[in-house]
Every structure is written in C-alpha cells, then in structure tokens.
Amino acid sequence: LFPNLTKEPFNDLNVRQGLSLALDRAAVGDAAAEGYMDEAGQTNILLPYQQDDLDPSIPNQGLIAQDTEAALAAFARAGYTQQGDRLVNEAGEQLSLSITTANGYTDWLRGVQEVSRQWSAIGIDATYPYGTVIKTVGDLCGPASEEHGGNVVEVADVPGWQDYDFPELDSK
C-alpha cells in the first residue's frame, strides 16, 4: 500500500500507523491469493525465499499484526475518534480515502476489497473506484490522485523498491 505522503491525512505518521495496524494482512493475502501467499511484511522481502536479505534486527521479520486497539490509539493521536460507526476528526468529518490498483487483476481487486472492508469496519470511508487506471507510482500525485481529492492509497508491486527513491513524488 502506497499512500500519498504529500496529502492530508497521509502526511501524518499516526494516520499511517493506524491504517497499518488496522489490517489483518493474512486475511488480505487469503482474499487476494486464495491461500497461496503468506502475509506481506513491511520489508517487501519474500520470506522464506529472501531470508538472507532480511535485517535480523527487524522485529517479527517485518510482519505487523493487526491490533485494532493500537490502531484506534494512533488515530486518536492524529485527532480521529470513533463516533458510532464512523472514524471522524475534530470537525466531525469522516476519514475517507480511495484505494486504487491496476485494472484487470482480480487478485489485486479482491485484496483491495478486503482492505476496504477492514478499514470500513473501524469507521473509515474506504472506497475503491473501479476503473481508475494506475500505471506508475507517480500517478499517486497525478490525475488519479486529484480525481479522488488526493486521498488515495495505491496498491502496487514495486520490484526492487529498496533501490528506488521515488523522485516523481518529490517533485509534486
């Protein structure tokens, strides 16, 4: 998941931590790959295949467990609280975002649907506008992002991301 770090609310670390902690990655993986993949870690290293590349100091091999209570605490630090079935800021506005992914990949779409379901369960208005074409990570700050008010989280696969500094994000 790649949030647009140049836009609110994603420029707030607490919001990003809340989004991360709210996810049951094993369920996302099961929904997307029908049980053929393990959950993803924050390192983007495929385990056990790339075990030699994993920094042993990273806790739990980079896997982040779902912790709804900790997620809500992170959101509270960012100024969001649950009111009924909605996660709202101090002005009473619900946290809302769009999740985009490449078209034509049913496994990715199933993963997006599961992420949306999990975020919606804690009160986030998480939509996935089918038909939004994302071609590059740079589209996050371009037309696709602006079309949805900038509150976009992209689902993407970035091979070799460790060696890539995302200059297109720096210029937006």
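Note that the structure is a prediction, hence the values are computed from the model and not measured.

*Asks:* Mind showing me how you'd approach the overall build of the protein chain here?
*Replies:* Of regular secondary structure, the protein chain possesses six helices and six strands. Burial status across the protein chain gives 38% buried among its 172 residues. Nonlocal contacts in the protein chain, meaning residues at least 24 apart in sequence, comprise 64% of its contacts between residues at least 6 apart. With the model as given, the accessible surface of the protein chain reaches about 9,800 Å², and the carbon-plus-sulfur share is 49%.

*Asks:* I would appreciate a short explanation of the pairing of strand β4 (residues 96-100) in the present structure.
*Replies:* The two faces of the sheet receive side chains in turn, since in a regular strand these alternate between them. Burial analysis of β4 places four of its five residues in the buried class, the great majority of the element. Summarising the sheet, β4 and strand β5 (residues 125-127) pair through three bridges and their orientation is parallel. For Ser-96, the partnering residue across the bridge sits in β5 and is Asp-125.

*Asks:* Explain the nonpolar core to me, please; I cannot follow it from the model alone.
*Replies:* Membership of the largest hydrophobic core comes to 20 residues, with the highest contact counts inside it found for Leu-19, Phe-75, Tyr-80, Leu-97, Ile-99, Trp-119 and Ile-124. Among the secondary structure elements, those contributing two or more residues to this core are α1 (13-21), α3 (68-77), β4 and α4 (106-121). Considering every element that reaches this core, the biggest residue donor is α4, with three residues.

*Asks:* What is the right way to read the environment of Asp-53 from this model?
*Replies:* Counting through the fold element by element, Asp-53 comes out in the loop between α2 (25-33) and α3. Using a relative accessible area of 56% as the deciding quantity, one classes Asp-53 as exposed. Measuring from C-alpha to C-alpha, the distance between Asp-53 and Thr-43 comes to 9.9 Å, with ten residues separating the pair along the chain.

*Asks:* Teacher, can you tell me more about α1 here?
*Replies:* Residue pairs three or four apart in sequence face the same way in an α-helix, which turns once every 3.6 residues. Taken as a whole, α1 has its buried residues at Asn-14, Val-15, Gly-18, Leu-19 and Ser-20. For α1, the secondary structure elements touched by its buried residues are α2, α3, β4 and α4. Residue Asp-12 occupies the N-cap position of α1, its side-chain oxygen lying 2.8 Å from the main-chain nitrogen of Asn-14.

*Asks:* I keep staring at the confidence of the model for the protein chain and nothing clicks. Help me out?
*Replies:* For residues with low pLDDT, the predicted coordinates do not support detailed interpretation. Of all residues in the protein chain, 73% have pLDDT values of 70 or greater, and the mean over the chain is 77. Across residues 131-145 the pLDDT falls below 50, and counting only partners more than four positions away or on other chains, this stretch makes 39 contacts in the model. Predicted confidence for residues 158-172 stays below pLDDT 50, and this span has 20 contacts to residues more than four positions away or in other chains.

*Asks:* Looking at this structure, I do not really get unusual backbone geometry. What am I missing?
*Replies:* What is expected of a backbone is that most residues other than glycine have negative phi and most peptide bonds are trans. Here the residue pair Glu-8 and Pro-9 is connected by a cis peptide bond, since its omega of 5 degrees sits within 30 degrees of zero. Its place among the elements puts Pro-9 in the loop between β1 (2-3) and α1. We note that Gln-61 has phi near 55 degrees; this positive angle belongs to a residue other than glycine. Summarising the element assignment, Gln-61 is placed in the loop between α2 and α3. The exposure class assigned to Gln-61 is partly exposed, which follows from its relative accessible area of 35%.

*Asks:* Would you take a moment to explain the environment of Gly-92 for this structure?
*Replies:* Looking at the secondary structure, you find Gly-92 in the loop between β3 (86-88) and β4. On the basis of relative accessibility, which here comes to 30%, the residue Gly-92 falls in the partly exposed class. With twelve residues separating them along the chain, Gly-92 and Tyr-80 place their C-alpha atoms 8.9 Å apart.

*Asks:* Even after reading the chapter, I still don't get the layout of surface pockets, so can you show me in this structure?
*Replies:* Taking a probe equal in size to a water molecule and rolling it over the atoms shows the remaining empty space. Approximately 200 Å³ is the volume found for the second largest pocket. If you go around the second largest pocket, you meet 13 residues; those closest to its centre are Glu-8, Pro-9, Tyr-80, Asn-89 and Leu-95. Residue classes in the lining of the second largest pocket are distributed as five nonpolar, five polar and three charged.

Calculation rules
Residues numbered from 1 in each chain as written. Predicted model: local features only at pLDDT ≥ 70, side-chain atom pairs only at ≥ 80, totals over all residues. Heavy atoms only, no water. Helix = DSSP H or I, 4+ residues; strand = E, 2+ residues; numbered from the N terminus. Buried < 20%, exposed > 50% of the residue type's maximum accessible area, 1.4 Å probe, protein only. Contact = heavy atoms within 4.5 Å. Areas by Shrake-Rupley, 256 points an atom, 1.4 Å probe, with all protein chains shown as cover. Pairing = 2+ DSSP bridges. Core = buried A, V, L, I, M, F, W, Y, C linked by side-chain atoms within 4.5 Å. Polar contact = N/O pair within 3.5 Å; in protein donor to acceptor, adjacent residues only side chain to side chain. pLDDT = per-residue confidence, 0-100. 1 Å grid on protein atoms, 1.4 Å probe; cavity = no way out; pocket = protein on both sides within 12 Å on 5 of 7 lines; lining within 4 Å. Points joined across faces, edges and corners; volume = space filled by probe spheres on them. Nonpolar A, V, L, I, M, F, W, Y, C, P; charged D, E, K, R; others polar.

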